[in-house]
Amino acid sequence: LLFSPSQAIQYQNNVPTPFSLTAELFDPEGNSKPWIDIRGGDFEEVASENLFPSQRPPPPLEFAHGTTTLSFTFQGGIIVAVDSRASLGSFVGSKTTQKVLPINSHMIGTMAGGAADCQFWIRKIKSEALLHEVEEGRRMSVARASRILANYLYSVRQLQLSLGTMIAGWDEKGPQLYYVDNTGLRIQGDLFAVGSGSTFALGILDTATNRYELSVDEAIALGIRAIRHATFRDAYSGGFINVYLITPEDGWKRVFQEDIARTPEAWQALKQKEESELDIN
Amino acid sequence: RGVNTFSPEGRLFQVEYAIEAIKLGSTAVGIQTKEGSVLAVEKRLTSPLLDPASVEKIAEIDSHIGAAMSGLVADAKTLVDHARVEAQNHRFTYDEPIGVEPLTQAVCDLALSFGEGSDGDSSKRMSRPFGVALLLAGYDELEGSQLYFSDPSGTFVRYKAKAIGAGSEGAQSNLEEAYSETMTLNEAEELALSTLKQVMEEKISTDNIELARVTPDKGFHIATPDEVATVLERLSG
């Protein structure tokens, strides 16, 4: 492997100290605490006491969690649909975030949770996949790529990374879809939706009872509807709808993009204008 | 003599002996043209019972660089693995393919330290120099098509055409006569194979040689048996 775990640093009273498991497992009286979700759990307790600001631990970092990403397999391949909003609290940081990250010609990863964590680690997996191709002379399988990522994330779960990614691809076993997250969880499935808008997207996706038999156009339309509805109801999702299709012949390809802020007609008109300007040039 | 001890005349005997070991290896030829570079190696099949496809003396390092080896092929595996990881690390850090010269330098750094590497992992250090020479052929945007020769002393030199291994003396003089700066890639392939044909003991065929090319548009590609057959036909025709 190209990478190895690094040391975790904790901050106590604004002074960095080496990470120590026992600090988390025992309270000041020495009673053992039940294993708690270390993200945010401690902060509320300590902040409620009237400590001076300089004595309080720093608040948990605010990541861009807001997103809707979904993926499902069907007879024509795999659909991956995402929004493109990056939110920092209630501030819309970007409407053009690239939430689909390529790993190889036939495999992509999606971004949900911490944007930096997803970008960095999926890029590392891309590096591993390319090395594998050069060494073995064939593409890395989806099972292997998702395993490398999941094993690694489990080994560094104390770093409190925030990552909820779907690794989707077509390999020798056919269409493969795995959900991998920062706790090290890795599960295979036919349908996943991840992010703050995932529940709204699932509501739309689950209405298609014949999902596997859909045609390519119908499947793309289903993905669009699901993301559009999620951006409608979830404040932290929006921007563009990007839909990708993975097939064995062409690999991954973006098949749809639309700016939600414009009506479909206005968006088509804008794209045609851009294309004609490109032709002139 | 200790491996790292100079002789009174100022020579490192182990390194020189390693260079001698390469002269026993199978012949490899590399030629660089403006259209791209070519690598050809004699497989040297010692038995009709062995599987020719399992003898691999040309390795892909990245999509735009390949290496041909001559000498102790097992030593070459260490160098090639290191080169592959360096190429990917460079892509990850700088979001661009590694240049051919920096990659060659990385290989030579490893050769110079007998396998220890810049990470200081002294468990990987060998008690002797590497017994293999490499011909690294690649393309990058800065210098275009390039061919480098790297040897156990840890030096590398850029060549327009180079032969290494057992038949290298005869092959090198052949290349010197026939090489021209304006050669096409197809002519370079023909020259490489005809040079090998001259110095090989067995009759040349699609089974007992390996051929590869690096071009700006398609990158590194090892020829399939059919593609080798096409070039051999052009030679005889």
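Notes on the structure follow. (Residues numbered from 1 in each chain as written. Chains lettered and ligands numbered in written order. Predicted model: local features only at pLDDT ≥ 70, side-chain atom pairs only at ≥ 80, totals over all residues. Heavy atoms only, no water.)

1. Some thoughts on the interface of chain B and chain A
Reasoning step 1: Of the residues lining the interface, 11 residues belong to chain B; the matching set on chain A comes to 9 residues.
Reasoning step 2: Here chain B packs against chain A, burying approximately 960 Å² in sum over the two surfaces, 61% of which is carbon and sulfur.
Reasoning step 3: Contact with chain A buries area across many residues of chain B, yet B:Arg84, B:Gln88 and B:Phe92 alone supply 65% of it, more than any other trio.
Reasoning step 4: Counting the contacts that link chain B with chain A gives 1 salt bridge.
Reasoning step 5: B:Asp95 serves as the salt-bridge partner of A:Arg123, at 3.6 Å between the closest nitrogen and oxygen.
Reasoning step 6: Inspection of the chain B/chain A interface yields 2 residue pairs in polar contact (both at pLDDT 80 or more).
Reasoning step 7: Among the secondary structure elements, those contributing two or more residues to the side of chain B that touches chain A are strand S3 (58–62) and helix H2 (73–94) of chain B.
Reasoning step 8: Its residues assigned to classes, the side of chain B that touches chain A comprises 3 nonpolar, 2 polar and 6 charged. (Contact = heavy atoms within 4.5 Å. Buried area = accessible area lost by both parts, 1.4 Å probe. Salt bridge = Lys/Arg side-chain N within 4 Å of Asp/Glu carboxyl O. Polar contact = N/O pair within 3.5 Å; in protein donor to acceptor, adjacent residues only side chain to side chain. Helix = DSSP H or I, 4+ residues; strand = E, 2+ residues; numbered from the N terminus. Nonpolar A, V, L, I, M, F, W, Y, C, P; charged D, E, K, R; others polar.)

2. Thoughts on the packing of helix H5 (residues 198–205) of chain A against helix H6 (residues 216–233) of chain A
When two helices pack together, their arrangement is given by the angle between the helix axes and the distance between those axes.
Residues and elements named next belong to chain A.
Reasoning step 1: It is the contact of H5 with H6, at a shortest axis distance of 8 Å, that shows an interaxial angle of 140 degrees. If you check the angle between H5 and H6, you find them oblique. Between H5 and H6 lies a crossing of right-handed hand. Contacts from Phe-200, Ala-201, Ile-204 and Leu-205 in H5 reach Leu-222, Arg-225, Ala-226, His-229, Ala-230 and Arg-233 in H6.
Reasoning step 2: Looking at side-chain class alone, the contact of H5 with H6 contains 7 nonpolar, 1 polar and 2 charged residues. (Axes fitted to C-alpha atoms, helices over the stretch in contact; angles between N-to-C directions. Parallel < 35°, antiparallel > 145°, perpendicular 65-115°, else oblique. Left-handed = near helix turned anticlockwise from the far one by under 90°.)

3. Considerations on the sheet that holds strand S6 (residues 144–150) of chain B
Hydrogen bonds along the backbone pair up the strands of a sheet, which may run parallel or antiparallel.
Residue and element names in this part refer to chain B.
Reasoning step 1: Pairing is antiparallel in the open sheet, where 5 strands are placed in the order S3-S4-S5-S6-S7. A strand with exactly one partner marks an edge of an open sheet, and here the two such strands are S3 and strand S7 (156–158). Averaged over neighbouring strand pairs, the angle between their axes works out to 25 degrees when direction is ignored.
Reasoning step 2: Bridge count for strand S5 (residues 132–140) against S6 is 7 bridges, and the pairing is antiparallel. Looking at the pairing, Asp-140 lines up with Gly-144 of S6. (Pairing = 2+ DSSP bridges.)

4. Considering the packing of aromatic side chains
Reasoning step 1: One pass over the structure, following the stated rule, counts 10 aromatic pairs over all chains.
Reasoning step 2: On the numbers, 4.7 Å between centres and 40 degrees between planes, the contact of A:Trp121 with A:Tyr152 is tilted. Taken together, the positions of A:Trp121 in helix H3 (residues 115–136) and A:Tyr152 in helix H4 (residues 142–155) put the pair 31 residues apart, joining distant regions of the chain.
Reasoning step 3: Residues B:Phe13 and B:Tyr17 carry aromatic rings whose centres are separated by 5.8 Å and whose planes lie at 25 degrees to one another, so their mutual orientation is stacked. With B:Phe13 and B:Tyr17 both in helix H1 (residues 13–22) and 4 residues apart, this pair spans about one turn of that helix.
Reasoning step 4: Among the residues examined, B:Tyr17 registers a relative accessible area of 49% and is labelled partly exposed.
Reasoning step 5: Linked through ring pairs, A:Phe120, A:Trp121, A:Tyr152 and B:Phe92 together constitute an aromatic cluster.
Reasoning step 6: Sitting over the ring of B:Phe92, A:Arg123 keeps its end group 4.7 Å from the ring centre. (Phe/Tyr/Trp six-rings, centres within 6.5 Å; stacked < 30°, edge-to-face > 60°. Buried < 20%, exposed > 50% of the residue type's maximum accessible area, 1.4 Å probe, protein only. Lys NZ or Arg CZ within 6 Å of the ring centre and 35° of its normal.)

5. A few points about the pattern of salt bridges
All names here are of chain B.
Reasoning step 1: In total, this model carries 21 salt bridges over all chains according to the counting rule given.
Reasoning step 2: For Lys-77, the salt bridge identified is with Asp-81, shortest N-O distance 3.1 Å. Pair noted here: Lys-77 and Asp-81 are both in helix H2, with a separation of 4 residues, about one helical turn.
Reasoning step 3: Assessed through its relative accessible area of 53%, Lys-77 is described here as exposed.
Reasoning step 4: Judged by relative accessible area, Asp-81 falls into the partly exposed class, the value being 26%.
Reasoning step 5: Here Lys-160 makes a salt bridge to Glu-181, at a shortest N to O gap of 2.9 Å. Taken as a pair, Lys-160 in the loop between S7 and strand S8 (161–164) and Glu-181 in the loop between helix H4 (168–178) and helix H5 (185–199) lie far apart in primary sequence, 21 residues in all.
Reasoning step 6: The network of salt bridges with common partners includes Glu-189, Glu-190, Arg-213 and Arg-234.

So, to be careful, I would describe these as geometric facts and stop short of saying anything about function.
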